[in-house]
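Fold and contact review
Okay, here's what each chain looks like letter by letter:
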Amino acid sequence: MIERIKSALARCGIAMWRINENVEETAELFFVKKQLDTRRIKDVHKYEVTVFRAVERDGEEKPFRGFTSVRLIASMDDGQIDQELKSAYYAAQFAANPYFDLPDPVQAPMVKKTGELADAPLAQSAGKMAKALFAPDIHEDAFLNSAELFVTRSAHHIVSSNGTDVSYTDASVKGEFVVQCLEPEDVEMHNIYEYDGLDAEALSAKVAEALTFVRDRSRAQKALKSGKYDLILSGNAVSEVLSYYVSRSAASAVYAHYSTWKQGEDAQGETVGERLSLTLRATNPYSMEGIPMADLPLLEGGTLKAYHGPNRFCRYLGVNPTGLYEKFSCSNGTMPFEKLKKGTVLWAVTFSDFQMDSMSGHFGGEIRLAYLVEDGKVTPVTGGSVNGSILEAQRDLTFSTERYLTAQYDGPYAVRLKSVSIAGAGE
């Protein structure tokens, strides 16, 4: 199929292009309570072709560079492929950007992912994770209402007109589950998970925690009062807050002047707490543009070490293209979680929707369950919302020594932030 696409590109007079071939095999399991309701095996073969063209503009020394992408399937005949490519090439002139060089060519043998998830049969891996998913579901008052589990193995091949020819394999497991507690109040909580390995222990721990949370939410009666609280965030909320630093250091944000950050400068400001150290993790050997990827230190002691992003924006900034990262790690963590909860603090554990605004630095969400800790006394509470600013909170951050791992984040399980605004639902 790749040779057919190359021939079609030549017939259409398209000189600059990139072909991304993706093959995915997925085992899908759907559960109602503990019963397997549906099982599916999917095998998908896709081709995405990106075409580039020079667009002349008066007064410009170099032509603008337009590009657009189209998806092709093997069942198309040559006429259909030609028509799709011609349409994409025509549209590319209307998506013109300032000139940039294409990625440097790379040729290398296939890089194969290793490990149990990559090597074992899909059904075997799905069975192992399903067992881990339901292992904590042993209570009468709180249980898994439903669950979905997807185990995927994929192969990627990247070929371009400038000589790039690389390929690699990947594997992942992801899904979602709903936990429910019927009494004293009927409550459901939705959870998602994703791992790049068969981390059965992490999945079981996540389910066990979710069952505890839904039980406590069902019994929570006290509503929060408005005010300033020391706030603890945990799990996915920590990675969401820290994603601010990933977004602000992106080459696209810097180029568009959404971010004024400069390499070598302090991105955290004056602090009395922990200084941030973040690293972008290369989960695949190449980006979709065929750029070789490697772990990239992002912040060291609060200082910005690098910009990152796709080829175009890195070229505009005059830095080496890094590719798009899907995971980052945080090496902070100085205090055990139990000690982190000392004194008076609000540990917000579940939200209806928790978000970080990378433009303003504000984070927040409506609280479904939180624990108000007052000198050792723990009270489950509900209602109200968090409205904080990382620009204020980053002055005094304390992270747990316990860790939390997903396909997108590897870092402390929890962080304590000082004096965050809480809009309460109580008097």
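The structure this text deals with has already been given above.
First, a word on scope: everything that follows refers to the structure included in this document.

1. Digging into the packing of helix α1 (residues 2-11) against helix α2 (residues 78-92)
Contact geometry of α1 with α2 gives a least axis separation of 9 Å together with a crossing angle of 60°. When the axes of α1 and α2 are compared, the pair comes out oblique. Crossing of α1 over α2 shows right-handed handedness. On the side of α1, the interface is formed by R4, I5, A8, L9 and R11, while α2 contributes D78, I81, D82 and L85. The residue makeup of the contact of α1 with α2, split by class, is five nonpolar, no polar and four charged.

2. Observations regarding the side chain of T382
Position of T382 relative to the elements: it lies in strand β17 (residues 377-382). A polar contact of 3.3 Å, which involves the side chain of T382, links it to the side chain of R217. Polar contacts involving the side chain of T382 include one to the main-chain carbonyl oxygen of R368, which spans 2.8 Å.

3. Thoughts on the packing of aromatic side chains
Inspection of every chain in the model, using the stated rule, returns 24 aromatic pairs. Seen from their ring centres, Y90 and F94 are 5.4 Å apart, and the 75° between their planes marks the pair as edge-to-face. We classify F94 as exposed; its relative accessible area is 61%. Through pairs of rings, three or more aromatic residues link up here, namely F213, F328, F337, W347, Y371, Y404, Y409 and Y413. Looking at R53, its charged tip hangs above the ring of Y89, at a distance of 4.3 Å from the centre. Directly above the aromatic system of F100 lies the positively charged group of R65, at a separation of 5.9 Å from the ring centroid.

Rules used throughout
- Residues numbered from 1 in each chain as written.
- Predicted model: local features only at pLDDT ≥ 70, side-chain atom pairs only at ≥ 80, totals over all residues.
- Heavy atoms only, no water.
- Axes fitted to C-alpha atoms, helices over the stretch in contact; angles between N-to-C directions.
- Helix = DSSP H or I, 4+ residues; strand = E, 2+ residues; numbered from the N terminus.
- Parallel < 35°, antiparallel > 145°, perpendicular 65-115°, else oblique.
- Left-handed = near helix turned anticlockwise from the far one by under 90°.
- Contact = heavy atoms within 4.5 Å.
- Nonpolar A, V, L, I, M, F, W, Y, C, P; charged D, E, K, R; others polar.
- Polar contact = N/O pair within 3.5 Å; in protein donor to acceptor, adjacent residues only side chain to side chain.
- Phe/Tyr/Trp six-rings, centres within 6.5 Å; stacked < 30°, edge-to-face > 60°.
- Buried < 20%, exposed > 50% of the residue type's maximum accessible area, 1.4 Å probe, protein only.
- Lys NZ or Arg CZ within 6 Å of the ring centre and 35° of its normal.

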